[in-house]
Amino acid sequence: MLSMIGLLSGLILLIILTLRGVNLFIAAPICALLVALSSDMAIFPVTADSNFINAYMDGFAGFLSAWFFMFLLGSLFGKFMEDTGAADSVASYIVGKLGMKHAVLAVVIACAVLTYGGVSVFIVAFSVYPMALSLFKDANLPRRFIPATLAFGSVTFTMTSAGSPEIQNWIPVKYLGTSPYAAWEVSLVVAIFMATVGYFWLNKMIKKAQANGECFAARDDDPVIIKRERPHPITGIIPLLVVLLLSFTLHDVLQQTALIVALLGGVLSIVVINYKYFHNMANAINVGTTGALVAIGNTAAVVGFGAVAKVSPAFIAAVDTMTHMPGNELVGAAVAVSVIAGLTGSASGGQAIALPLVAPQYVEMGVNPEQLHRVVAISSGALDSLPHNGYVVTTIRAICKETHQRAYWPLAALTVVIPLVGVALALGLFITF
């Protein structure tokens, strides 16, 4: 009981501190320490093999090791697009062709194409943000909605849909023996529903904010648009296509490493194509590398909390309860994955913990593996987007330089509420038909 109180208290405190803008390098370890103390976990390595410091740093360092090059190259890609003026050029072209009223749609489509093309959701935000900033500025839209727009195009109707190369759609393949296209008919219906309703809701929120007098507010640290010759819009689109094509073609062979090659190709293509348009390449490199370190550090700090939480007795008991729920097995799987993803702040983490436990017993009971695959995938992308989620923190704070108080609630509407309704829709279709 004490461990459960500590786990819930640590999670709630982390969410509160995140919403209040407390530095995550301080907030996450403190909340993890609360979980460790309530679980009677040793604090220092010299007292026990299983201890707070090792558990936290294993999670922290493991994330750094797995994602450092992706974050670095992704940040450089975005900064190079910004410094050369390529992002502004693409944004101006889109506004000229589609009109300012479709600026939001352009950002959503760009994110969706990259995500479905195999670019990690973390990196999509780095890549598209410079263009999104230009589009929102040209259309005079409130910039606090940029994180929600980026997230909506990345982690809702694309990330967990049939055929998506994102890891959230591939983890179930390992445990269920299905294909990435499992239950594609229902997946397509749910994806269309989430895309349509989510886009309508996003526009409604933005229009309401504009009616209340909100508009684009420039900041001192915004990139300065210098009156100079801009590159042709196609030179901004080509690097994005390079990233997309390399990631898509190399994914099966290199898996996650394909993204490093893809991003490196994108960065090099910008340098080759737009070298003469660089305003200050040295500064772009410095700002890009610093931004990457801050982004990956914030995310790793939260991952460390999840690593400590996962070894607590309360978490183990909660997982056991969630994975042995009575009633419909698909509903039980959806609840289990959603709750575990919320506790760990990770969609992939929720799947990786729940599936080894529920997959064998549910398949043995006759549950359709393809239906289970799709339910698990969609449900993992709902409660994972609580305020302390690594992607949420990175996108809001490190990339968009917003605060949770200003930017999180629109993002939550699109990445928590919409996917939850999508899960309910999928369950209804599977149970009915």
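Fair warning: this is a prediction, and the values are worked out from it, not measured in the lab.

K.L.:
What am I meant to see in the overall build of the chain here?
P.N.:
Along its length, the chain carries 18 helices and 0 strands. Radius of gyration (C-alpha) of the chain: 21 Å, near the 22 Å computed for a compact globule of 433 residues. A principal-axis box enclosing the C-alpha atoms of the chain has dimensions of 65 × 55 × 50 Å. Counting only residues that meet the buried cut, the chain has 57% of its 433 residues in that class. Taking as baseline every contact in the chain between residues at least 6 positions apart, the subset at least 24 positions apart corresponds to 79%.

K.L.:
Help me out: how do you make sense of the UniProt feature "transmembrane region" (unreviewed entry) in the chain in this one?
P.N.:
As annotated in UniProt, the feature "transmembrane region" (unreviewed entry) corresponds to residues 60-81, 102-129, 181-202, 234-251, 257-275 and 407-431 in the numbering used here. Between the end C-alpha atoms of residues 102-129 there is a gap of 16 Å, over a span that is 82% helix and 0% strand.

K.L.:
Sorry, what's going on with helix α3 (residues 52-83) here?
P.N.:
Owing to its 3.6 residues per turn, the α-helix aligns residues three or four sequence positions apart on the same side. Of all bends in α3, the biggest is about 60°, found at Trp67. For α3, the N-terminal cap is Asn51; the gap from its side-chain oxygen to the backbone nitrogen of Ile53 is 3.3 Å. Following α3 by one or two positions, Gly85 has its phi on the positive side, about 85°.

K.L.:
How do you make sense of the pattern of salt bridges when you look at a structure like this?
P.N.:
Side-chain pairs of opposite charge can arise where the charged atoms are in close proximity. Under the definition given, this model contains 4 salt bridges. Across the pair Lys79 and Glu82 runs a salt bridge whose closest N-O atoms are separated by 3.1 Å. Highlighted residues: Lys79 and Glu82, both in helix α3, separated by 3 residues, approximately one helical turn. Like Glu82, Lys79 is buried. Close ionic contact of Arg406 with Glu402 constitutes a salt bridge, the shortest N to O distance being 2.9 Å.

K.L.:
Could you clarify how one ought to interpret the nonpolar core in this entry?
P.N.:
Soluble, globular proteins show a tendency: their nonpolar side chains are buried together. One finds Val128, Leu150, Leu202 and Val308 to be the most contacted residues of the largest nonpolar core, which totals 137 residues. Not counting chain neighbours up to four residues away, the residues in contact with Leu150 comprise Val107, Cys111, Ala125, Val128, Tyr129, Ala132, Tyr391, Thr395 and Cys400.

K.L.:
Sorry if this is basic, but what is going on with the side chain of Ser3 here?
P.N.:
Among the secondary structure elements, Ser3 is positioned in helix α1 (residues 2-19). For Ser3, a relative accessible area of 10% puts it in the buried group. When neighbours within four sequence positions are excluded, Ser3 is seen to be in contact with Ser38, Ser39, Ser312, Pro313 and Ala314.

K.L.:
Would you mind showing me how to read the environment of Gly59 here?
P.N.:
Counting through the fold element by element, Gly59 comes out in helix α3. Separated by 244 residues in sequence, Gly59 and Val303 have C-alpha atoms that sit 5.7 Å apart. For Gly59, the residues in contact, after removing those within four places along its chain, are Val303, Gly304 and Ala307.

Rules used throughout
- Within any chain, residue numbers begin from 1 and follow the written order of that chain's sequence.
- Per-residue local features are limited, in this predicted model, to residues with pLDDT of at least 70; the limit for side-chain atom pairs, both in listing and counting, is 80 or more; totals at the level of whole chains, interfaces and linings are taken over all residues.
- Calculated side-chain values reflect all of the structure's heavy atoms, with hydrogen atoms and water omitted.
- Segments assigned H or I by DSSP are reported as helices when at least four residues long, segments assigned E as strands when at least two residues long, and all are numbered from the N terminus.
- C-alpha atoms define the radius of gyration, and 2.2 Å times the number of residues to the power 0.38 defines the globule rule.
- Any residue under 20% of the maximum accessible area for its type is buried, any over 50% is exposed, and the rest in between are partly exposed; the area is computed with a 1.4 Å probe on protein chains only.
- By definition, residues are in contact when any of their heavy atoms lie within 4.5 Å.
- UniProt positions are given in the numbering used here, feature names are shortened, and annotations may be inferred rather than shown by experiment.
- To get the bend at any residue, fit one axis to the seven residues that end at it and another to the seven that begin at it, then take the angle between the two axes.
- In the analysis that follows, any N or O atom pair within 3.5 Å is treated as a polar contact, provided that within protein one partner can donate a hydrogen and the other can accept it, and provided that, for residues neighboring in sequence, both atoms belong to side chains.
- In what follows, salt bridge is the name for a side-chain nitrogen of Lys or Arg lying within 4 Å of a carboxyl oxygen of Asp or Glu.
- Residues grouped as a nonpolar core are buried Ala, Val, Leu, Ile, Met, Phe, Trp, Tyr and Cys residues, joined through side-chain atoms within 4.5 Å.

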